[in-house]
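Coordinate inspection notes
Letter by letter, the chains look like this.
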Amino acid sequence: MTHPDADEKIPRLLCVHAHPDDEALWTGGLLAKYADAGARTAVVTCTWAEGTVRARELARSLEILGVPEPPRLLGHADRPGASAPGRPRFTDVPLDEAVGEVVAHIRDFRPHAVVTYDAFGGYGHPDHIRAHQVATLAAEAAGHDQLHPDAGPAWRPAALHYATLPRPFVREIWREVFGAEAPGDGGDGGDGEKSGGGGGPLPGVPPEWIDEERGAIDIAPWGERKWQALHAHRSEVERGGGVTLLAALPEPQRRRLLTTEWYLSRPLLPSAPPLDPARLPDAAPRAARPRR
């Protein structure tokens, strides 16, 4: 693929995700909002290969979200079998190899903002955690021409942003899904809270980590597009994946997930702009438009 636009003033957003459907679940509203603001968007997906069912579903999801180019697939295996025949699992790929692959996409697309998961991968999925590690290292390395010299001319994004959830909201969902209170803030002060369902750490971050002005992104006009993009992943719906869990939530919690996305931000340049396209200089967002 080639750099999509010669005009450096047009904002460009690159999301790095582990699996098809994560682009919609975690960043669907942001992608659609950027597209309707006249920005350029692209998505790197670390697992699944071209020609597979889930790759086709991903392409349809991106179309709904206004991403103007086909999926950028690294083609590693999600799990042994049909996801990427003959390829190793994403978590088994040498870290520097995976970083180099994402560096190549960053240098090709030249994004101002790179988005992935928080350090816990949103909820602890090993592929998500590895995607966070790879995207973070790649965003740093892409600007150094000494590193990965065969991956194209150096390009440093202005900022890294991490999709996350505020822990108080996680507790609300916990009560609805599991019918019990989530663990409290006692013990270790909340940074290592254990979840009652599976014994693992409770997802989410303390609310004070999130800048409510810059990190809580209003996606209400794009919530329906996000919902449609999620449903483009029909195989995951049939499997009972994240879409099914979201559909099972009471309307108030589901509506909030379809009206707000939360991000932590890490500037890489002193001039890093805010993530929300509505707050970008010279932004001229258009009204949200339906996708069919």
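Observations regarding the overall build of the chain
- Tallying secondary structure elements over the chain gives 9 helices and 7 strands in all.
- Buried residues in the chain amount to 53% of all 292 residues.
- Restricting to contacts in the chain with at least 6 residues of sequence separation, those with at least 24 account for 77%.
- When the accessible surface of the chain is split by element, carbon and sulfur atoms take 54% of a total near 12800 Å².

Considerations on helix 6 (residues 223-231)
- Taken as a whole, helix 6 has its buried residues at Gly223, Arg225, Lys226, Trp227, Ala229 and Leu230.
- Contacts from the buried residues of helix 6 go to helix 1 (22-36), helix 2 (53-64), helix 7 (234-239), helix 8 (242-248), helix 9 (251-257) and strand 7 (260-267).

Thoughts on the layout of surface pockets
- Approximately 990 Å³ is the volume found for the largest pocket.
- Residue lining of the largest pocket: 38 residues in total, with Leu25, Trp26, Tyr123, Gly242 and Leu245 positioned closest to the centre.
- Secondary-structure elements contributing two or more residues to the lining of the largest pocket are helix 1, helix 5 (167-178), helix 7, helix 8 and strand 7.
- At 5 residues, the largest contribution of residues to the lining of the largest pocket is made by helix 5.
- For the lining of the largest pocket, the residue count by class is 18 nonpolar, 11 polar and 9 charged.

Structural notes on the pattern of salt bridges
- Counted by the stated rule, this structure contains 15 salt bridges.
- Of the charged contacts, one joins Lys33 and Asp276 as a salt bridge, the two residues approaching to 3.1 Å between their closest N and O atoms. Here Lys33 is found in helix 1, whereas its partner Asp276 is found in the segment after strand 7, with 243 residues between them in sequence.
- What makes Lys33 buried here is its relative accessible area of 7%.
- Its salt-bridge partner being Arg254, residue Glu251 comes within 2.5 Å of it at the nearest N-O pair. Residue Glu251 and its partner Arg254 are located together in helix 9, separated by 3 residues, close to a single helical turn.

Focus on the packing of helix 1 against helix 6
- Between helix 1 and helix 6, the least distance of the axes is 9 Å, while the angle of their chain directions is 130°. On the basis of their axis angle, the class for helix 1 and helix 6 is oblique. Relative to helix 6, helix 1 is oriented so that their crossing is right-handed. Contact with helix 1, carried on its side by Ala24, Leu25, Trp26, Gly28, Gly29, Ala32 and Asp36, involves Arg225, Lys226, Ala229 and Leu230 of helix 6 and no other residues of that element.
- Partitioning the contact of helix 1 with helix 6 into residue classes produces 6 nonpolar, 2 polar and 3 charged.

What to know about unusual backbone geometry
- The phi dihedral of Arg110 falls on the positive side, at around 55°, and the residue is not glycine.
- Note on placement: Arg110 falls in the loop between helix 3 (95-109) and strand 4 (113-117).
- The partly exposed category is assigned to Arg110, whose relative accessible area is 27%.

Here we look at the packing of helix 3 against helix 4 (residues 126-141)
- At a minimum axis separation of 8 Å, helix 3 and helix 4 run at an interaxial angle of 55°. With respect to helix 4, the element helix 3 is oriented oblique. In the crossing of helix 3 with helix 4, the sense of the turn from one axis to the other is right-handed. In this structure, helix 3 contributes Leu95, Ala98, Val99, Val102, Val103, Ile106 and Arg107 to the contact, and helix 4 contributes Arg130, Val134, Leu137, Ala138, Ala139 and Ala141.
- In terms of residue class, the contact of helix 3 with helix 4 is built from 11 nonpolar, no polar and 2 charged.

A look at the environment of Val99
- Relative to the assigned elements, Val99 resides in helix 3.
- It is 5.1 Å that separates the C-alpha atoms of Val99 and Ala138, two residues lying 39 residues apart in sequence.
- When residues no more than four places from it in sequence are discounted, the contact partners of Val99 are Val134, Leu137, Ala138 and His148.

Observations concerning the nonpolar core
- If you look at the biggest cluster of nonpolar residues, it comprises 76 residues, and the most contacted ones within it are Leu13, Leu30, Ile106, Leu257 and Leu275.
- Not counting chain neighbours up to four residues away, the residues in contact with Leu257 comprise Leu165, Phe169, Ile173, Ile219, Lys226, Leu246, Leu249 and Trp262.

Calculation notes
Residues numbered from 1 in each chain as written. Predicted model: local features only at pLDDT ≥ 70, side-chain atom pairs only at ≥ 80, totals over all residues. Heavy atoms only, no water. Helix = DSSP H or I, 4+ residues; strand = E, 2+ residues; numbered from the N terminus. Buried < 20%, exposed > 50% of the residue type's maximum accessible area, 1.4 Å probe, protein only. Contact = heavy atoms within 4.5 Å. Areas by Shrake-Rupley, 256 points an atom, 1.4 Å probe, with all protein chains shown as cover. 1 Å grid on protein atoms, 1.4 Å probe; cavity = no way out; pocket = protein on both sides within 12 Å on 5 of 7 lines; lining within 4 Å. Points joined across faces, edges and corners; volume = space filled by probe spheres on them. Nonpolar A, V, L, I, M, F, W, Y, C, P; charged D, E, K, R; others polar. Salt bridge = Lys/Arg side-chain N within 4 Å of Asp/Glu carboxyl O. Axes fitted to C-alpha atoms, helices over the stretch in contact; angles between N-to-C directions. Parallel < 35°, antiparallel > 145°, perpendicular 65-115°, else oblique. Left-handed = near helix turned anticlockwise from the far one by under 90°. Core = buried A, V, L, I, M, F, W, Y, C linked by side-chain atoms within 4.5 Å.

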